[in-house]
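Reading the structure
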Amino acid sequence: MARFIHVGNHAVSGNGFLGIHKCTDPLYPLFIETLEKNSSCQSGMVSEDILVQLKNLTYCPKPYKEISIYKNKSEKRMLHLASEIDLAVQREFKVILEKVFEPHFFNQSFAYRRGKGAFKAIKCIIKWKKSLKNNMIVIRCDVDDFFDTIPIDKLLHIIYRKTKDARITYMISLWMKTGVITNEDNKEIEFNEIGIPQGSALSPLLANIYLHKLDEIVIHRISPFYVRYADDLFIICAPDRDPLRFLQLIGDFLKDKLFLKLNHEYFVGELKDTFSFLGIEFLPDGTLDIEEDKKHQIPIKAVNALNINTVTFKKLNEFIDGLRHYYGKLLPKKSIHEIDEQLVKVYSTYIPKHFNKSEYKKVVDVLSQCGFIGRHFIDGKWISMIKSVPMQAKRKTATIKSKLRKQHKDYLQHIEHTYELIVNHPGAFLGLNKNKIRIRHEGKTVTTHSLKDIQQISIMCQGVGLSSNITKYCSKNNIAVVFYDHIGNSYAAIKASNQIEPDIMKAQMELSDEKKVYFIKKLVQNKIKNQKKLLQYFYKYYKNETIGQGLNAQIDKMNIILDTMPQDDNYETLKKNLFLWEARAAGIYWKAFALIIERSGNSFEKRLHQGADDAVNQMLNYAYALLESKVKQTLSTWKLNPYISYLHSMKKEEACLCFDLMEQYRTFIVDRSIIAILTKGEKVGQEKNSGLLTWETRKKIISKLNERWFTLEKYKAEDKSLSEIMHLLTKNFKDFCLGKTDKLKFYTPKW
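Residues numbered from 1 in each chain as written. Predicted model: local features only at pLDDT ≥ 70, side-chain atom pairs only at ≥ 80, totals over all residues. Heavy atoms only, no water.

Quick look at the overall build of the chain now. Along its length, the chain carries 26 helices and 23 strands. The burial tally for the chain puts 50% of its 751 residues in the buried class. By sequence separation, contacts in the chain at least 24 residues apart represent 67% of the contacts at least 6 residues apart. Total accessible area on the chain stands at roughly 39,100 Å², and carbon and sulfur atoms take up 51% of it. (Helix = DSSP H or I, 4+ residues; strand = E, 2+ residues; numbered from the N terminus. Buried < 20%, exposed > 50% of the residue type's maximum accessible area, 1.4 Å probe, protein only. Contact = heavy atoms within 4.5 Å. Areas by Shrake-Rupley, 256 points an atom, 1.4 Å probe, with all protein chains shown as cover.)

Structural data, given as structure tokens:
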């Protein structure tokens, strides 16, 4: 049976549907006329038969072919490729459509336009960053799954209102709704009802047409300091405006008018902050760098390009040329050199696997010319870095005992990575997907991780969001979610609602004065002994140096202090006297600590708790705050009430029992870790503006504490990690409160 489509004054046979629209603008005849004159038609790419079909509106495009490309190591992007004939026709059609819409686009739209592009978008932001005040607000957001969720009928309506030519919208409808071959072998076709195919020559223009109204809303109602690149938005607004209200406005417009969704992951900060856009990181000092995620993708993409053509390296040349025209023009020489160093490693590994040694020089000469952004490696001297894989040295036969030790060590290294998940991306969002945590940042999946072995999620920065599903899962499975501020203090936590056991809390509250006296006396004595032991540890290594005498003198004083321990039987009196006694010991200990720190080339005058502005005290305070969260976790595990304490005075909303039990761990977990970082000459520092520790410094502290957390130690003649020991000691304290044991055990490391 014949099918007909009625378009304006035309009634012709077709393959679609019946539609009646008035044609008042002769755009479609202009398209046919252009196509006839074009080289595509003259060269035979578009046959006479296809041209007739287009004139009569009987043309039917072929289904798209679906392929996938890697966006990064874990994510793929699906592309729909049109046939060569369809692509040639679409390109000519796009030229006609551009003449109608391009003059009306705003200058702030930079994607897929002649004379625009990502490079000019970044240059525009650089100009604003130099001319605007540092406290201006920066908003960066994007449309969620933009290309895949554009409503085709809504898009066609927008185009018809402008072109007044139903033949134009009809053709676009054919190209957008044409099916996709999802299985090449079985020729399975999946028809498209929503979204525009990425791979069509028309899609970039259609994307700009669809978001034009959004541009108008942002420019006129939010700020003219606006850049849109496809579905990525960047806005600068005055510091007295509410950025969250603007995000709400954008989100509502996308939802109500365009039937799209604003990605819930966004960035809000100040112009002076570090922020990124289109793969470029804008630093507070005005310099630029490549975004970390993009930097990691370069070696992967380079290898893929190498594998496509190993003779002329044409694909690699195209890839590097793209990097050269973008990053090469924007980044400082140092950043470009770092990227080129990555590429050297890629080539040095790739060449010996694919070429004979006699071919090395020829290949290196070619890659030196086309394979780098900068000119540092153009001389080809990096050929010396190409090495064959060396023969493995003969291994000594391992004993059963050493194998078991290695197995245990490997296990502990594994749980070090699974015990605690640290989130340090401002603007990250944590969601749940089949019992796996998925962390997304700037619309991209950063990582997925099984929640099976995680006991704590540590949020180390601001602007991190959590889904209600993951909150429920963590609460149900006793996974603590702890939020830290910039100095390491935990200011909030999400934990199971039934953490405290009533019987244990009652035992804590009714603990006799006799037991309280025993507990605080043993606790403070243990702390001072640990401090003395740490000084003895370093004296062993420094006794032949100048500071050896100073350390020895302080150790002698600590011995005298230990001999004068208060022996009061009255609980309140003893508590006061223990604080005075501990303060005298602390004065001696921190003087000795200063000697060790100063030997490493750092300065440390005295111990400061709050308001410290020197790096060493800030490092100590940050590490103590992290230790506090570890102790809180053990209290939660054994259902102890953290607000009932015996040494530190109970204060509203302060987990004072945590401060009590922390005393035994401070010296060898925190103090020793900070000394280790500084004496090894690791680079630490503070931010220029805030005076607080840099994120790199904080990462070193976190890493060092985690290393201590899973270090094997002897405990009751068995190898146990510090994490296990802390849980056993907390259980011992719980049993002491319940009357199940009369003896308390405290942390006393051996060395």
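A few words on the environment of Lys731. Mapping Lys731 onto the fold places it in helix α26 (residues 722–738). For Lys731, a relative accessible area of 31% corresponds to the partly exposed category. Placed 96 residues apart in sequence, Lys731 and Leu635 show a C-alpha to C-alpha distance of 8.7 Å.

Moving on: the nonpolar core. Grouped burial of nonpolar side chains is what soluble globular proteins tend to show. Among the nonpolar cores identified, the biggest contains 86 residues, and Phe519, Phe593, Leu620, Tyr646, Val670, Ile701 and Phe733 are the most heavily contacted of them. In terms of residues, this core owes the most to one element, helix α21 (residues 571–599), which gives 14 residues. When sequence neighbours within four positions are dropped, the list of residues in contact with Phe733 reads Phe519, Leu640, Tyr646, Leu657, Leu661 and Leu744. Judged by nonpolar contacts, the second largest core, of 70 residues, contains Ile152, Leu206, Tyr226 and Leu233. (Core = buried A, V, L, I, M, F, W, Y, C linked by side-chain atoms within 4.5 Å.)

Assignment of secondary structure puts Asp144 in the loop between β5 (137–142) and α6 (146–149). This buried residue, Asp144, is left without a salt bridge; Lys261 holds the nearest opposite charge, at 4.4 Å. Ignoring any residue separated from it by four or fewer positions in sequence, one finds Asp144 in contact with Thr149, Lys261, Leu262, Asn263 and Arg440. (Lys, Arg positive; Asp, Glu negative; His and termini not counted. Salt bridge = Lys/Arg side-chain N within 4 Å of Asp/Glu carboxyl O.)

This part takes up the pattern of salt bridges. Enumeration over the complete set of coordinates arrives at 23 salt bridges. Among the charged side chains, a network of salt bridges with common partners joins Lys527, Glu582, Glu663 and Arg666.

Let's shift gears to the sheet that holds strand β15 (residues 429–433). Spatial strand order, β17-β16-β15-β19: 4 strands in an open sheet with mixed pairing. Since the sheet does not close on itself, it has two edges, and those belong to β17 (444–450) and β19 (465–466), each with one partner. Along the sheet, helix α17 (residues 468–476) makes contact with β15, β16 (436–441) and β19, crossing β15 at roughly 70°. (Pairing = 2+ DSSP bridges. Axes fitted to C-alpha atoms, helices over the stretch in contact; angles between N-to-C directions.)

Let's shift gears to the confidence of the model for the chain. Low-pLDDT stretches of the model should not have their predicted coordinates read in fine detail. Looking at the chain as a whole, the pLDDT averages 81, with 85% of positions reaching at least 70. Ranking the helices and strands of the chain by mean pLDDT puts strand β8 (residues 226–229) first, with 96, and strand β2 (residues 10–13) last, with 36. Long-range and interchain partners of residues 389–398, a stretch whose pLDDT sits below 50, account for 1 contact in this model, where long-range means more than four residues apart. Here residues 411–418 scores under 50 on pLDDT; set against residues more than four positions off or in separate chains, the count is 13 contacts. (pLDDT = per-residue confidence, 0-100.)

Whether parallel or antiparallel, the strands of a sheet pair through hydrogen bonds between backbone atoms. Across the sheet, which stays open at both edges, the 3 strands sit in the order β11-β12-β13 with antiparallel pairing between neighbours. The sheet is open, and its two edges are formed by β11 (275–277) and β13 (288–290), each paired on a single side. Within this sheet the neighbouring strands show an average axis-to-axis angle of 30°, counted without direction. With 3 bridges joining them, strand β12 (residues 280–282) and β13 adopt antiparallel strand pairing. The residue bridging Glu281 from the neighbouring strand is Asp289, located in β13.

Once that is clear, we can look at the packing of helix α1 (residues 27–37) against helix α4 (residues 84–101). Where α1 meets α4, the axes come as close as 10 Å, and the angle between the chain directions of the two elements is 135°. Accordingly, the angle class assigned to the pair α1 and α4 is oblique. The way α1 lies across α4 gives a crossing that is right-handed. Residue-level inspection shows Leu27, Tyr28, Leu30, Phe31, Thr34 and Leu35 of α1 in contact with α4, the latter providing Val89, Glu92, Phe93, Ile96 and Val100. Considering only residue class, the contact of α1 with α4 consists of 9 nonpolar, 1 polar and 1 charged. (Parallel < 35°, antiparallel > 145°, perpendicular 65-115°, else oblique. Left-handed = near helix turned anticlockwise from the far one by under 90°. Nonpolar A, V, L, I, M, F, W, Y, C, P; charged D, E, K, R; others polar.)

Attention now moves to the environment of Arg375. Structurally, the position occupied by Arg375 is in the loop between α15 (360–370) and α16 (400–419). A relative accessible area of 65% places Arg375 in the exposed class.

Right, let's talk about the side chain of Thr741 for a bit. Mapped onto the elements, Thr741 comes out in the segment after α26. Here the side chain of Thr741 touches Lys743 through a polar contact of 3.3 Å, landing on its backbone nitrogen. (Polar contact = N/O pair within 3.5 Å; in protein donor to acceptor, adjacent residues only side chain to side chain.)

Here strand β22 (residues 712–715) runs beside strand β23 (residues 718–721); their pairing, made up of 4 bridges, is antiparallel. The partner of Tyr715 across the bridge, within β23, is Glu718.

Another point: the packing of aromatic side chains. Enumeration according to the criterion identifies 29 aromatic pairs in this entry. Seen from their ring centres, Phe519 and Tyr646 are 5.8 Å apart, and the 85° between their planes marks the pair as edge-to-face. Of the two residues, Phe519 is situated in helix α19 (residues 513–542) and Tyr646 in the loop between α22 (615–637) and α23 (656–662); the sequence distance between them amounts to 127 residues. The same class applies to Phe519 and to Tyr646, which are both buried. With 5.4 Å between their ring centres and 65° between their planes, Tyr537 and Tyr541 make a pair best called edge-to-face. Taken as a pair, Tyr537 and Tyr541 lie in helix α19 at a separation of 4 residues, close to a single helical turn. Here a set of aromatic residues connected by ring pairs shows up, and it is made of Tyr28, Phe31, Tyr59, Phe93 and Trp175. Taking the ring centre of Phe119 as reference, the NZ or CZ of Lys329 above it sits at 5.6 Å. The ring of Tyr537 is capped by Arg672, whose NZ or CZ atom sits 4.6 Å from the centre of that ring. (Phe/Tyr/Trp six-rings, centres within 6.5 Å; stacked < 30°, edge-to-face > 60°. Lys NZ or Arg CZ within 6 Å of the ring centre and 35° of its normal.)

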